[in-house]
Amino acid sequence: MAINHLAPPSGHMADNVIGFARALRAAGLPVGPGSVIDALDALQLIEVGHRSDFYATLEAIFVKRHEHALIFRQAFMLFFRAAEEWKSMLDSVPLPDHARKKPPPASRRVQEAMAQPARSEERPQAQEQELKLSVSDKEILQKKDFAQMTAAEIAEVTREIAKMRLPQAELVTRRYQPDARGLRLDMRRTVRNSLRTGGEIIDIRKLGRIEKPAPIVALLDISGSMSEYTRLFLHFLHAITDYRKRVSVFLFGTRLTNVTRALRARDPDEALASCSSSVEDWAGGTRIATSLHSFNQLWARRVLGQGAIVLLISDGLEREADAKLAFEMDRLHRSCRRLIWLNPLLRYSGFEAKAQGIKMMLPHVDEFRPVHNLTSIKGLIGALSSPPPAHHRSLIRSVA
């Protein structure tokens, strides 16, 4: 069925396109009123009865970035299959090849966006009350334990973590670059510049140290007791990976798995799904000594150069705590610039290092910090932004 080329789409068609644009905006795509108008105008030039043409037209209008195509595809499938008056038409012709693939992991937030009720009919008083409640909820979420959160609260925390950033420059290297305030004389540039004045040195050039982000290496425990904390901390590592290219991530339970490449996917849901699919022992047992041995032997010399900072996320509950664990921890500590142990057990005010594994690991770390809520992650950002403490080891207890 071809539509009228002289008049814009109206009725159910226009309502569905507008509703679809709202769903895309709720799912995170930058779709504004201008894009909706362009879509309605573009639909005048195609035959709506052909599903592939209809899909390609809306995709060309609403998708501005490559990673948005995944969300658009799933939103299209969910939205127009739910519209009864469109179903017979949209299922008559197959979609393009790239639109028939299995829905990506990012489709979860598309489904949540579709399930949200419309807020246009809410009263202003109700909106004001909701705003007050949301501010109060955010204050509570800052100190709430990750393991005690509902699915909605975890989604909100994930969005807050995605906004976190680390400072770019914190490691002073041995190399130099031109710097007007530098302390070292740049003899080569000074002499070359003096040739313009017949050998008279008028302008003295200087050099300063080059600063660049220190490499970050994260070793995350994915045993059953750590799975909730590890999953949310992976969101944090994904957020800083876009701004710090030298971030290496390893997951360990009963074995060690390198998920650095999987975590570099643009979409956070897709990145975490890729990490989960590449790990065979998620939420299983724990063999910290064996995993650290694998890391020290296979990866330490590759990723711990140039003053790397190691983040070890684990509760330290090793079932085979012996001298091997202490040896591997000592080797890891000597290979990096700074070793920070993040332990969710520090959320308890009466925490004491009684477990044998914790006793063997604790002497070989520079800092011992909690990692159970947003406040603790923000504290970690502050610790990474500041120079390391002068003393060998600092115990940071939870205050929330």
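Residues numbered from 1 in each chain as written. Predicted model: local features only at pLDDT ≥ 70, side-chain atom pairs only at ≥ 80, totals over all residues. Heavy atoms only, no water.

Chemist: Looking at this model, I keep getting lost on the pairing of strand 5 (residues 247-252). Mind explaining?
Modeler: Side chains on a regular strand alternate between the two faces of the sheet. For strand 5, the tally of buried residues reaches six of six residues, placing the bulk of the element in the interior. In strand 5, alternate side chains face the same way, and those of Val247, Val249 and Leu251 on one face and Ser248, Phe250 and Phe252 on the other are all buried. Taken together, the six bridges between strand 4 (residues 216-221) and strand 5 define a ladder with parallel strand orientation. Bridge pairing links Ile216 to Val247 in strand 5. For strand 5 and strand 6 (residues 256-258), the ladder comprises three bridges, and the chain directions are antiparallel. Opposite Phe252, over in strand 6, you have Leu256 as the bridge partner. Hairpin connection, strand 5 to strand 6: the antiparallel pair is bridged by three residues. (Buried < 20%, exposed > 50% of the residue type's maximum accessible area, 1.4 Å probe, protein only. Helix = DSSP H or I, 4+ residues; strand = E, 2+ residues; numbered from the N terminus. Pairing = 2+ DSSP bridges.)

Chemist: Please explain the confidence of the model for the protein as it appears in this structure.
Modeler: Do not read the predicted coordinates in detail wherever pLDDT is low. On average, residues of the protein score 76 in pLDDT, and 75% of them reach the 70 mark or higher. Confidence drops under a pLDDT of 50 for residues 117-133, and excluding neighbours within four residues, the segment shows four contacts in the predicted structure. (pLDDT = per-residue confidence, 0-100. Contact = heavy atoms within 4.5 Å.)

Chemist: Could you clarify how one ought to interpret helix 9 (residues 187-194) in this entry?
Modeler: Since there are 3.6 residues in each turn of an α-helix, residues three or four apart along the chain are aligned in direction. The complete set of buried residues in helix 9 reads Thr190, Asn193 and Ser194. What you see down the axis of helix 9 is that its buried residues fit within an arc of 105°, all on one side. Exposed residues lying more than 90 degrees from the buried face of helix 9 are Arg188 and Arg192. Packing partners of the buried residues in helix 9 comprise strand 2 (184-185). (Arc of directions from axis to C-beta.)

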